[in-house]
Amino acid sequence: MTPLPRLGSVPYRNVAPLIHGLEPEPRGLVPARLADALRAGEFDAALVPVAELLQRAEDYAVVDGAAVAARGAVYSVILIPEGKKALGEISRVALDPSSRTSVLLARVLLEIGHGRKVDYVLPDAPADARLLIGDPAIAFRAAHPETPVLDLGELWHAWTGLPFVFAAWVVRRGAATPELGRFLRETKEKGLAARDAIARDAFEREYFTRYIRYDLGAEEKAGLLRFAEYLKELGVLSRVPEIHWI
């Protein structure tokens, strides 16, 4: 493409098939920082958490057909409960400030799904459960295979029957063209075809195929809409936004 779009991503392995082969490689920032950078105009498009999209949908367009999603367990977005507590027993959660979407998903599951009144605290504060996302969550599970965890993708799917969309290619309106949408969808298709080569080991091959889904179709859009409706119920959104697709 001419000129090349300025692209941002997250520094987690789950996006590898979506950015494989891009030159230059997208700049990686943790999800919350990435959302701030896109809003500030540092990128034309970025793989940002859907919380940013839903809260500022009028400023953005979204690439149809490509996402970081899960249809059940996601493996890398987890609550680690103290003392094997069930979700309905959790009243205090230590949050990972790097992801607003995972924080809001935890709130939806706890406050709406289980009717809990929950206190949210800093990562190192005493709590009933700790939220962990991305590569740190994968590393924790590898180091502590005996520790029970609550998989937020699995909990969402069991409750709603819908996939959960964690991130998508979000484009600033001034850069939103059909050409850019096609370019990023084609990059995804090439990345999916190369998953065996991208994966560094057997676990990553399973992670890229069993846990992370990269399509954004009708069911994923329904899951995104349901999440928006719950965020409105929480008071995070004033209304369910209309999304502009490219």
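Cut-offs used in this document
Residues numbered from 1 in each chain as written. Predicted model: local features only at pLDDT ≥ 70, side-chain atom pairs only at ≥ 80, totals over all residues. Heavy atoms only, no water. Helix = DSSP H or I, 4+ residues; strand = E, 2+ residues; numbered from the N terminus. Rg over C-alpha atoms; globule rule 2.2 N^0.38 Å. Buried < 20%, exposed > 50% of the residue type's maximum accessible area, 1.4 Å probe, protein only. Contact = heavy atoms within 4.5 Å. Areas by Shrake-Rupley, 256 points an atom, 1.4 Å probe, with all protein chains shown as cover. Lys, Arg positive; Asp, Glu negative; His and termini not counted. Charge placed at Lys NZ, Arg CZ, Asp CG, Glu CD. Polar contact = N/O pair within 3.5 Å; in protein donor to acceptor, adjacent residues only side chain to side chain. Salt bridge = Lys/Arg side-chain N within 4 Å of Asp/Glu carboxyl O. Pairing = 2+ DSSP bridges.

Chemist: So what about the overall build of the protein chain? Which residues, and what values?
Modeler: Across its full length, the protein chain carries 10 helices and 10 strands. The C-alpha atoms of the protein chain give a radius of gyration of 17 Å, which matches the 18 Å a tight globule of 246 residues would have. For the protein chain, with 246 residues in total, the buried portion stands at 52%. Taking contacts inside the protein chain between residues at least 6 apart in sequence as the whole, the part at least 24 apart equals 80%. A total accessible area of about 11000 Å² is found for the protein chain, and carbon and sulfur atoms account for 49% of it. Side chains of the protein chain carry 31 positive and 33 negative charges; the gap between the two charge centres is 2 Å.

Chemist: Would you mind going over the environment of serine 91 in detail, with residue names and values included?
Modeler: As for its placement among the helices and strands, serine 91 is situated in the loop between β5 (77–81) and β6 (92–94). Classification of serine 91 as partly exposed rests on a relative accessible area of 27%. Sequence spacing of serine 91 and aspartate 119 is 28 residues, and the spatial spacing of their C-alpha atoms is 6.2 Å. The residues touching serine 91, leaving out its near neighbours within four places in the chain, are Arg116, Lys117, Val118, Asp119 and Asp128. For serine 91, the side chain forms a polar contact with the side chain of arginine 116, separated by 2.6 Å.

Chemist: Can you lay out the pattern of salt bridges for me, pointing to particular residues and giving the numbers?
Modeler: Per the counting criterion, the structure on display carries 18 salt bridges. One salt-bridge network, in which partners are shared between bridges, spans Asp36, Arg39, Glu52, Arg56 and Arg100.

Chemist: Which residues make up the environment of arginine 205, and what are the values?
Modeler: Here arginine 205 is to be found in helix α9 (residues 202–211). Sequence-wise, arginine 205 and alanine 175 are 30 residues apart; in three dimensions their C-alpha atoms are separated by 33 Å.

Chemist: Could you give an account of the pairing of strand β8 (residues 129–133), with specific residues and numbers?
Modeler: Most of β8 sits inside the fold, with four of its five residues counted as buried. Pairing between β5 and β8: five bridges, direction antiparallel. Bridging across to β8, isoleucine 80 finds its partner in arginine 130. Inspection of the sheet shows β6 paired to β8 by two bridges, in the parallel sense.

Chemist: For the side chain of serine 9, give the residues involved together with the corresponding values.
Modeler: Counting through the fold element by element, serine 9 comes out in strand β1 (residues 7–9). Judged by relative accessible area, serine 9 falls into the buried class, the value being 1%. The residues contacting serine 9, other than those within four sequence positions of it, are Val15, Ile19, Pro26, Arg27, Gly28, Leu29, Leu34 and Leu47.

Chemist: Tell me about the sheet that holds strand β4 (residues 60–70), and please be specific about residues and values.
Modeler: Read from one edge of the open sheet, five strands run β2-β1-β3-β10-β4, paired in mixed fashion. Every other strand in the sheet has two partners, leaving β2 (27–28) and β4 as the edge strands with one partner each. As judged from the five bridges shared by strand β3 (residues 45–49) and strand β10 (residues 164–172), these two strands associate in the antiparallel manner. From the neighbouring strand, alanine 45 faces β10, where its bridge partner is valine 171.

Chemist: A description of the sheet that holds strand β7 (residues 119–121) should follow, citing residues and the corresponding values.
Modeler: The strand order across the open sheet built from five strands is β7-β6-β8-β5-β9, with neighbouring strands paired in mixed fashion. Because the sheet does not close on itself, it has two edges, and the strands there are β7 and β9 (150–151).

Chemist: Any chance you could break down the side chain of aspartate 96 for me, citing the residues and the numbers?
Modeler: Examined against the element boundaries, aspartate 96 turns out to sit in the loop between β6 and α4 (100–112). For the buried aspartate 96, no salt bridge is present, and the opposite-charge side chain at shortest range is arginine 130, 7.9 Å distant. Only 2.6 Å separates the side chain of aspartate 96 from the side chain of serine 98, close enough to count as a polar contact. Ignoring sequence-local partners within four residues, the contact set of aspartate 96 consists of Val103, Leu131, Leu132 and Ile133.

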